[in-house]
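As a plain string of letters, each chain reads:
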Amino acid sequence: MSVKRQPGGSVKKKIFIVDDHPMMRDGLAQMISNESDLSVCGEAENGREAVQFVSELKPDIVILDVTMPTMSGLEAAEEIAKLRLNSRVLIFTMHDSGSLAKAVRRAGARGIVLKSRAARDLIRAIETLLDGGTFWGPGLGADAEDPKPDGWNMLLFRGSRLGHGAQLAVTC
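Everything quoted here is computed from the prediction, not taken from an experiment. (Residues numbered from 1 in each chain as written. Predicted model: local features only at pLDDT ≥ 70, side-chain atom pairs only at ≥ 80, totals over all residues. Heavy atoms only, no water.)

Caption draft 1: Highlighting the packing of helix α3 (residues 73-82) against helix α4 (residues 98-107). Direction vectors running N to C along α3 and α4 enclose 25°, while the axes themselves pass 8 Å from each other. With respect to α4, the axis of α3 lies roughly parallel. Taken together, the residues of α4 that come into contact with α3 (itself represented by Leu 74, Ala 77, Glu 78 and Ala 81) are Leu 100, Ala 103, Val 104 and Ala 107. (Axes fitted to C-alpha atoms, helices over the stretch in contact; angles between N-to-C directions. Helix = DSSP H or I, 4+ residues; strand = E, 2+ residues; numbered from the N terminus. Parallel < 35°, antiparallel > 145°, perpendicular 65-115°, else oblique. Contact = heavy atoms within 4.5 Å.)

Caption draft 2: Structural view of helix α2 (residues 47-57). The complete set of buried residues in α2 reads Gly 47, Ala 50, Val 51, Val 54 and Leu 57. Angularly, the buried residues of α2 cover 150° about the axis, an arc narrow enough to put them on a single face. Its buried side turned inward, α2 meets β1 (13-18), β2 (38-44), β3 (61-65) and α3. Here α2 starts with a cap whose side-chain oxygen sits 3.0 Å from the backbone nitrogen of Arg 48, and that cap is Asn 46. At the exit of α2 stands Lys 58, carrying a positive phi of roughly 50°. (Buried < 20%, exposed > 50% of the residue type's maximum accessible area, 1.4 Å probe, protein only. Arc of directions from axis to C-beta. Polar contact = N/O pair within 3.5 Å; in protein donor to acceptor, adjacent residues only side chain to side chain.)

Caption draft 3: Focus on the packing of helix α1 (residues 22-33) against helix α5 (residues 118-130). Where α1 meets α5, the closest approach of the two axes is 11 Å, and the angle between their N-to-C directions is 60°. By the criterion of interaxial angle, the relationship of α1 to α5 is oblique. Crossing geometry of α1 relative to α5 is assigned as right-handed. Along its contact with α1, which presents Leu 28, Met 31 and Ile 32, the element α5 presents Ala 118, Ala 119, Leu 122, Ile 123 and Ile 126. The residue inventory of the contact of α1 with α5, partitioned by class, reads eight nonpolar, no polar and no charged. (Left-handed = near helix turned anticlockwise from the far one by under 90°. Nonpolar A, V, L, I, M, F, W, Y, C, P; charged D, E, K, R; others polar.)

Caption draft 4: Spotlight on the side chain of Arg 25. As for its position among the elements, Arg 25 is in helix α1. Once residues within four sequence positions are removed from consideration, Arg 25 is found in contact with Ile 17, Asp 19, Asp 20, Glu 43, Ala 44 and Glu 45.

Caption draft 5: Here's a closer look at the confidence of the model for the chain. Residues at a pLDDT of 70 or more form 74% of the chain, whose mean pLDDT is 82. Looking across the chain, the model is least confident in strand β8 (residues 168-171), with a mean pLDDT of 36, and most confident in β1, with 98. In the predicted structure, residues 143-172 sits below a pLDDT of 50 and forms 47 contacts with residues beyond four places in sequence or in another chain. (pLDDT = per-residue confidence, 0-100.)

Caption draft 6: Fine view of the nonpolar core. Judged by nonpolar contacts, the single largest core of 27 residues is most densely connected at Phe 16, Val 18, Val 62, Leu 64, Val 89, Ile 91 and Val 104. Those elements that provide at least two residues to this core are β1, α2, β3, α3, β4 (88-93), α4 and β5 (111-114). Ranked by residue count, the leading element in this core is α4, at five residues. In contact with Val 18, other than residues within four places in its own chain, are Ala 44, Asn 46, Gly 47, Ala 50, Val 62, Ile 63, Leu 64, Asp 65 and Met 68. Counting residues in each nonpolar core, the second largest holds 18 residues, with Ile 17, Ile 63, Ile 123 and Leu 129 among its members. (Core = buried A, V, L, I, M, F, W, Y, C linked by side-chain atoms within 4.5 Å.)

This is the structure we're talking about:
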């Protein structure tokens, strides 16, 4: 594996992208490639692949979708945390929920970027994590109130339980 260097000799920071939609991975890779100090070192389409490749590639940042077949992003974040690498996990999701933010923290991720705010927040979030900080999108901060009533829960079922790689998100 070759190491990509910036002009002047400094090493580019490695970013690993995980999303089950190829178009989303391509768009993220394009955004990241526009940054002179960042480089996409790999991609995966599910959490299980992510854990395997992250273990091998040791990226600086792992961008994980939440809802994916085989293994969810939250499960993958937990597994990546167990590897005790220096990789920082950034959750990339369409789900805007204080409850999800709490689950993301418990899984060991360092932040969330909402897909609807990717153009505004993604690069800033990556830079913040690289600097050792955390990034919680608007309304998803450490002290954010959960806008859902008590007892609200989101259940993510892995595709292996539903068959044919299907995903199901249920709110109750």
